[in-house]
Amino acid sequence: MREVCFHKAEEENFLQIVQGASTANSESPSKCRRLAVHRSAGNYIVETKVENPRLRTLLYITSYEWKATCLFFTRLQMMRVLDLSYVKFEGGKIPSSIGKLIHLRYLSLKWAYVTHLPSSMRNLKQLVYLNLCIQYACELLYMPNILKEMRKLIYLNFPLKIKNEVKMELGNLVRLETLKNFSTAHGSVTDLKGMTRLRTLSIFIRGKGCTMKTLSSSLSKLSYLENIIIDYKLYTPTNDDEEGFVWDFVHLKQLKLWVYMPRLPDEKHFPAHLTNIVLIHCRLKEDPMPILEKLVHLKEVMLGERSFCGKRIVCLRGGFPQLKILQVDELEELEEWIVEEGSMPLLRNLYIGSCEKFKELHRVLQFITSLKDLYVKFQSIILSEEQLPPHLTNITVSGCRLEEDPMPILEKLLHLKELTLSDEPFGGRRMVCSRGGFPQLQKLELWRLEELEEWIVEEGSMPLLHTLRINNCPKLKKLPDGLQFITTLEDLDVHPN
């Protein structure tokens, strides 16, 4: 159906698609006002091939080959839509002639190679969509104050790195519904007060002059926000009793906070329809679970680095009724985690990483019967048959440096289909996969088992294995002889170092 639609569109002269040297019409001038050039059309030179001055739309799809010049913008001044994602500009500079495209509504420079934006871009006053999220690997981007008069903008994505110290004036952009990668190093947080239509916001608090009170006040009128990311990781409280970040977003669905907030609001002040929450560096003093577990629509939760500074968390019966993904990472003080029977009845993915004081994994897993994917990464873990639910289908064990061979335990998980052992998961020299073990395993990956010298696979082990990857196991000099009995093996990838 896709090909039929494309063929009909070209037949009706609605659009032209250039993809490869043999593409129809790629060598002949086209009267079509919409043109899409794919990466595979490396020999298609836009400056010479595109001669239609009435061109309205140009999509350059993942092309690193084209180096745009000023000639191109000078001749095509009627364009409305211009997508230059991944394009490499000559010398990293966008030609100043882009300012002549005064009818432009849509401009994307996503992952383009750019180091300098011309001041003439302030003439693009009809823009509704502007994506300036250029390649992160580029040098710092020079960006003048060009946004002030783009009053029709609905979508704005800032570059991640700006070279100069110019302050962008955004107070006029009251129609914005999406604002991404906004940094207070290059703009005032108070400009957000008038953006009452915002639904998606990601903001980086950098430099001086933005207090918690100012931040909370500037966001207080943004009642339509559905997705928000706040990164204030450099903030250091001056008073331990300071309240921290305060908010009240009634329509919010996704929330990511990298900000000092020692106390969560009461569950009554949380958005009723919140589905995703990420907390990092909040330094919560009290267990967040009693509040979070009452948010009945919550599907994904991440408690990241220093989000909670306490020693104990408890998930009560009936809590987290819709939760499917839970990640607990780098809680350095966590020692005890209790999950009561009936908590998290739909949980499918669990990630526990770098919680070095936490040891009793079985107290988390024993009542979670829906769990399919388990990722554990911390050295204090002790694997046992009692700890691991028998219905697991995917397991990743990383950085644990287990003293005993984990295979005799893992191979008894009858439903296991994918297993990854990575980053020194086992510190021993010998590993054995026994006859009849891993009856459903289809994919096995071994990464950085630096002490492993011998791996034995008995006949009848892993009968359904089709993918085996071994990387950076320098002391493993030979593959197991038992692999010859695995008739299903199709993909074998071995890199000793």
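Above: the structure in question.
Attention in this report is confined to the structure presented alongside it. (Residues numbered from 1 in each chain as written. Predicted model: local features only at pLDDT ≥ 70, side-chain atom pairs only at ≥ 80, totals over all residues. Heavy atoms only, no water.)

## Quick look at the overall build of the protein
Each helix and strand counted, the protein has seven helices and 27 strands in total. Relative to its full complement of 497 residues, the protein shows a buried share of 49%. For the protein, contacts bridging at least 24 residues in sequence account for 48% of all contacts bridging at least 6. Carbon together with sulfur atoms contributes 49% to the accessible area of the protein, which is approximately 23800 Å² in total. (Helix = DSSP H or I, 4+ residues; strand = E, 2+ residues; numbered from the N terminus. Buried < 20%, exposed > 50% of the residue type's maximum accessible area, 1.4 Å probe, protein only. Contact = heavy atoms within 4.5 Å. Areas by Shrake-Rupley, 256 points an atom, 1.4 Å probe, with all protein chains shown as cover.)

## Structural notes on a positive patch on the surface
Together, Arg105, Lys152, Arg175 and Arg197 make up a region of like positive charge exposed at the surface. Secondary-structure assignment places Lys152 in the loop between strand S8 (129-131) and strand S9 (155-157). (Patch = residues over 30% accessible without salt bridge, like charges linked within 9 Å, V, L, I, M, F, W, Y side chains within 5 Å. Salt bridge = Lys/Arg side-chain N within 4 Å of Asp/Glu carboxyl O. Lys, Arg positive; Asp, Glu negative; His and termini not counted. Charge placed at Lys NZ, Arg CZ, Asp CG, Glu CD.)

## Quick word on the packing of aromatic side chains
The tally for this structure, following the rule as stated, stands at five aromatic pairs. Seen in terms of ring centroids, Phe158 and Phe182 are 6.1 Å apart; in terms of plane orientation they differ by 55°. Their pairing is tilted. Linking Phe158 in the loop between S9 and strand S10 (178-183) with Phe182 in strand S10, this pair joins segments that are 24 residues apart in sequence. According to the relative accessible area criterion, Phe182 is buried, its value standing at 1%. Aromatic pair Trp337 and Phe358: ring centres 6.2 Å apart, planes at 50°, arrangement tilted. Of this pair, Trp337 sits in strand S18 (residues 336-339) while Phe358 sits in the loop between strand S19 (349-353) and helix H6 (362-365), and the two are 21 residues apart along the sequence. One exposure class covers both Trp337 and Phe358, and it is buried. Three or more aromatic residues joined by ring pairs make a cluster, and in this case those are Tyr106, Tyr129 and Tyr155. (Phe/Tyr/Trp six-rings, centres within 6.5 Å; stacked < 30°, edge-to-face > 60°.)

## Considering a nonpolar patch on the surface
Taken together, Leu479, Leu492 and Val494 make up a surface patch of nonpolar side chains, about 210 Å² in accessible area. Among the structural elements, Val494 can be located in strand S27 (residues 491-495).

## Describing the pairing of strand S21 (residues 394-398)
Of all five residues in S21, four are buried; the element is thus mostly enclosed. Pairing of strand S20 (residues 373-377) with S21, which is carried by four bridges, proceeds in the parallel orientation. Residue Asp373 lies in a different strand from S21, and its bridge partner there is Asn394. Bridge analysis of S21 against strand S22 (residues 418-422) gives five bridges, and the strand direction is parallel. (Pairing = 2+ DSSP bridges.)

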